[in-house]
Amino acid sequence: MADAAPTPTRAIVLILVAMVCISVNDTLIKLLSGGYPLHQMVFVRSIIGVVFTAIILRYEGGLRLLRTAQPGLHAIRALLIVAANMLYFAALAVMPLGAAVALFFVAPLFITLLAIPVLGERVGRHRLTAILVGLAGVAVMMAPGVDWGEAPRGALILPVLAAACYAGMQVMTRKLGAQSAASAMAIYIQVAFIAVSALFYVGVGDGRFAQGVNNPSLQFLLRAWIWPEPGDWWKFATLGLMSAAIGYSLSQAYRLGNAATIASYEYVALPAAIVIGWTVFAERPGVATILGAALIAGGGLYVFARERRQAGVGPAAERPIRRG
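My aim in this report is to walk through the structure given alongside it, one point at a time. Since we're looking at a predicted model, the values are computed, not measured. (Residues numbered from 1 in each chain as written. Predicted model: local features only at pLDDT ≥ 70, side-chain atom pairs only at ≥ 80, totals over all residues. Heavy atoms only, no water.)

**Focus: the pattern of salt bridges**
Pairing between side chains of opposite charge can happen when their charged atoms approach one another.
No. 1: Applying the stated criterion to the full structure yields 3 salt bridges.
No. 2: The residue R208 makes a salt bridge to D206 at a minimum N-O spacing of 2.8 Å.
No. 3: The salt bridge involving K235 is made with D232; its shortest N-O contact spans 3.3 Å.
No. 4: On the basis of relative accessible area, D232 is assigned to the buried category, the value being 13%. (Salt bridge = Lys/Arg side-chain N within 4 Å of Asp/Glu carboxyl O. Buried < 20%, exposed > 50% of the residue type's maximum accessible area, 1.4 Å probe, protein only.)

See the structure below:
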């Protein structure tokens, strides 16, 4: 389907809605991570999410919108975002919320880097400098002397790997050049989440591989499925609603607005994560977190500023479906 005409105000509202939903989603995942396996949460939230998204799909035009000429490439793209989510959520279980979000925001810099070999795009010295600044922020946060409490140091790489998978998905989206309804793009992702989490249940859902595992991130991935406590059902239901809202709002925001402009508004999630981590989880950010987050955000925002200056096109000019 053809792209809608740019409507920046509506697009900005949608991206801000998406960031609020992402903050709620991340908070609930972290709250539930001590008792449930990750793949169970992903399965339940995606089952609920796909129902809400199907209602939107029906409103936008029905099942015909799901037709695509390149299903294989769309499947690979969906698996990349699933991998990004699983790695990121595994990090959330053991890391301060603000730190995990900050490290994930290196993704726009990875997108710019990947666009050079994959898309053959030229990246000038300004954006290369911004990338180096952002990577310096990652180095500050992952420096050996930084105290992360009980979080295993190996977990620090998880949000960075998640960002790399997300960047690969974004570059593939640009290479595909596909134009689909926001609801159809969200459906593809939800179905991929359901399929992957169901496979996890078949393979490790009885918890046998979690025996003797001390790493909390691996425990989160491998522990057995359990029936949710009555008091947790509303959290799972909210996760499903957030999943649908994130997938649709992000896709629609990037369809309606200039991507380089809209993407900069995603950074409101960073201070929100630090505040939530402080107030909900008593995670007081250290100097390394604040400095690293500032460098990463500064590098990313500068890249988006250069995108806007250069007619709003470039490696970031896509329709991201972030950690939905």
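**Some thoughts on the packing of aromatic side chains**
Each aromatic ring pair is characterised by the separation of its centres together with the angle its planes make.
No. 1: Applying the stated criterion across every chain yields a total of 9 aromatic pairs.
No. 2: Relative to Y267, the ring of F105 has its centre 4.5 Å away and its plane inclined at 25 degrees; by these criteria the two rings are stacked. You can see F105 sitting in the loop between α4 (97–104) and α5 (107–119) and its partner Y267 sitting in the loop between α11 (259–264) and α12 (269–281), a full 162 residues away along the chain. For the residue pair F105 and Y267, the accessibility class agrees, reading buried in each case.
No. 3: Summarising the aromatic geometry, the rings of W227 and W233 are spaced 5.5 Å apart at their centres and angled 65 degrees between planes, so their arrangement reads as edge-to-face.
No. 4: Its relative accessible area of 69% is what places W227 among the exposed residues.
No. 5: The structure contains a cluster of three or more aromatic residues connected by ring pairs, namely Y36, W227, W233 and F236.
No. 6: Stacked on the ring of F281, the Lys or Arg K30 has its end atom at 5.5 Å from the ring centre.
No. 7: One residue, R45, lies across the ring of F193, its end atom 5.9 Å from the ring centre. (Phe/Tyr/Trp six-rings, centres within 6.5 Å; stacked < 30°, edge-to-face > 60°. Helix = DSSP H or I, 4+ residues; strand = E, 2+ residues; numbered from the N terminus. Lys NZ or Arg CZ within 6 Å of the ring centre and 35° of its normal.)

**Describing the side chain of K235**
No. 1: Among the secondary structure elements, K235 is positioned in helix α10 (residues 233–256).
No. 2: Once residues lying within four places of it in the same chain are set aside, the contact partners of K235 are L28 and L32. (Contact = heavy atoms within 4.5 Å.)

**Focus on the nonpolar core**
No. 1: The biggest cluster of nonpolar side chains holds 86 residues, and the ones touching the most others in it are M41, Y88, M95, L97, Y166 and L250.
No. 2: For this core, the leading source of residues is helix α1 (residues 8–32), giving 11 residues.
No. 3: Within the second largest apolar cluster, 8 residues are counted, among which are L57, I187, Y188 and I194. (Core = buried A, V, L, I, M, F, W, Y, C linked by side-chain atoms within 4.5 Å.)

**A few points about the packing of helix α8 (residues 182–204) against α10**
No. 1: Packing of α8 against α10 brings their axes to within 8 Å, and their N-to-C directions diverge by 135 degrees. With respect to their mutual orientation, α8 and α10 come out oblique. Two packed elements cross with a definite hand, and for α8 against α10 that hand is right-handed. Judged by residue contacts, A182, S183, M185, A186 and Q190 of α8 engage S243, A244, G247, Y248, S251, Q252 and R255 from α10.
No. 2: Of the residues in the contact of α8 with α10, the class split is 5 nonpolar, 6 polar and 1 charged. (Axes fitted to C-alpha atoms, helices over the stretch in contact; angles between N-to-C directions. Parallel < 35°, antiparallel > 145°, perpendicular 65-115°, else oblique. Left-handed = near helix turned anticlockwise from the far one by under 90°. Nonpolar A, V, L, I, M, F, W, Y, C, P; charged D, E, K, R; others polar.)

**Focus: a nonpolar patch on the surface**
No. 1: A cluster of nonpolar side chains, namely L113, I116, L128, L132 and L135, defines an oily patch on the protein surface of about 390 Å² accessible area.
No. 2: Looking at the nonpolar patch, the elements with two or more residues in it are α5 and α6 (125–141).
No. 3: Within the secondary structure, L113 is located in helix α5.
No. 4: Taking relative accessible area as the criterion, L113 reaches 34% and is therefore assigned partly exposed. (Patch = residues over 30% accessible without salt bridge, like charges linked within 9 Å, V, L, I, M, F, W, Y side chains within 5 Å. Areas by Shrake-Rupley, 256 points an atom, 1.4 Å probe, with all protein chains shown as cover.)

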